[in-house]
There are 2 protein chains.
Amino acid sequence: MTSTAPTAATPEDLLRGAGLRVTAARVAALHAVGDQQHATADDVLSSVRAELGTVSVQAVYDVLHALTGADLLRRIEPAGHPARYERRTGDNHHHVVCRRCGAIGDVDCSVGHAPCLTPSDDHGFVVETAEVTYWGLCPDCSA
Amino acid sequence: MTSTAPTAATPEDLLRGAGLRVTAARVAALHAVGDQQHATADDVLSSVRAELGTVSVQAVYDVLHALTGADLLRRIEPAGHPARYERRTGDNHHHVVCRRCGAIGDVDCSVGHAPCLTPSDDHGFVVETAEVTYWGLCPDCSA
DNA sequence: CCCTAAACTGGAATGATTCCAGTTGAGGTC
DNA sequence: GACCTCAACTGGAATCATTCCAGTTTAGGG
């Protein structure tokens, strides 16, 4: 509920709105993920370096953690593939993942919402979220 | 459809039924995962070593791959935690995962089946399976 | 019983991510 | 506008699960 602006807000505004310091690396990282949805840490590192010159690996991981913690980015971690980051946060949408190349597509829950989110038997677990991952082959890899 | 015996079949029978060679390591691994559902590769390694003495790390990974490939085991790979293996295969059931300790519980799909399995928009992906993961805290960790 | 491909040994390598100790810089204060 | 402090960044080493590799053993068909 903090920021209502959809995508119009600048990275700087987003950072300030989240109470985070505005640094070159963070701004560049937000640009990077904005340009390339579902970017890996490595993708972000390349983008940020292209924009700023020398940036340490650690800086990018720090930035990604900070942004993920502030809900400016969402982290996706498909089994067997490096983590990816996206800017669509807050809504509970899911993903199609390509088994071969790791490409990702966004998928809105087909049933709507609730059913997917309530396990039949929770084994005493306190369940916070449900995550749906569709596995298959992307258009390129299925050819 | 190969084997119809539920859990009564011995590891040896299961292996032969799947056309795999019967080796000590494989039998021991099946025992290990049978005793401790959702065991990690490391858990299996310990169990197998306890049963057989010296067994290489690689052997256990090889065995787990072979058994997974033959559908005698199913591999679960929760984000941020080492992979785990279970003997319940073939049915499409899901999991509750503890964010803190990685403990896992089995969950049957509450909606039944189909809805969870059909993305609203597949982005041209050829979707094979859908995987639902419930994230939360296990009884121990929520205390 | 023998032979061969499949399975196993042990040690080194990989790749994503994190830890660490020291340096830099954002942004509030005077 | 200069100063100060803690958060952010640097660079290099470490971690952890997993895989690769080259050589040795063994299951099980002939």
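- If you check an unreviewed UniProt entry, chain A appears there as Fur family ferric uptake transcriptional regulator from Promicromonospora iranensis.
- Here is the UniProt Sequence similarities (unreviewed entry) comment for chain A, exactly as written: "Belongs to the Fur family."
- Comment text from UniProt for chain A, heading Subcellular location (unreviewed entry), reads "Cytoplasm".

### Some thoughts on empty space enclosed by the protein
All names here are of chain B.
Then, number 1: Taken as a whole and judged by the stated rule, the model has one cavity of 30 Å³ or more.
Then, number 2: Estimated volume of the largest cavity: approximately 40 Å³.
Then, number 3: Along its surface, the largest cavity is lined by A25, A29, V44, V48, V55, A59, V60, V63 and L64.
Then, number 4: At the level of secondary structure, the elements contributing two or more residues to the lining of the largest cavity comprise helix 2 (24-35), helix 3 (41-52) and helix 4 (57-69).
Then, number 5: No other element matches the four residues that helix 4 contributes to the lining of the largest cavity.
Then, number 6: Partitioning the lining of the largest cavity into residue classes produces nine nonpolar, no polar and no charged.

### So, the domain arrangement of chain A
Residue and element names in this part refer to chain A.
Then, number 1: Each assigned domain of chain A is listed with its residue range as follows: domain 1 (11-85) and domain 2 (91-136).
Then, number 2: Listed by partner, the interface residues are seven residues for domain 1 and 14 residues for domain 2.
Then, number 3: The largest share of the area that domain 1 buries against domain 2 comes from H38, R74 and H81, three residues that together contribute 57% of it.
Then, number 4: Along the contact surface separating domain 1 from domain 2 lie zero salt bridges.
Then, number 5: Put simply, domain 1 and domain 2 have four residue pairs in polar contact (both at pLDDT 80 or more) between them.
Then, number 6: Here the side of domain 1 that touches domain 2 is composed, by residue class, of three nonpolar, two polar and two charged.

Conventions used here
- Residues numbered from 1 in each chain as written.
- Chains lettered and ligands numbered in written order.
- Predicted model: local features only at pLDDT ≥ 70, side-chain atom pairs only at ≥ 80, totals over all residues.
- Heavy atoms only, no water.
- UniProt positions renumbered as here; feature names shortened; annotations may be inferred.
- 1 Å grid on protein atoms, 1.4 Å probe; cavity = no way out; pocket = protein on both sides within 12 Å on 5 of 7 lines; lining within 4 Å.
- Points joined across faces, edges and corners; volume = space filled by probe spheres on them.
- Helix = DSSP H or I, 4+ residues; strand = E, 2+ residues; numbered from the N terminus.
- Nonpolar A, V, L, I, M, F, W, Y, C, P; charged D, E, K, R; others polar.
- Domains from an automatic or database assignment.
- Contact = heavy atoms within 4.5 Å.
- Buried area = accessible area lost by both parts, 1.4 Å probe.
- Salt bridge = Lys/Arg side-chain N within 4 Å of Asp/Glu carboxyl O.
- Polar contact = N/O pair within 3.5 Å; in protein donor to acceptor, adjacent residues only side chain to side chain.

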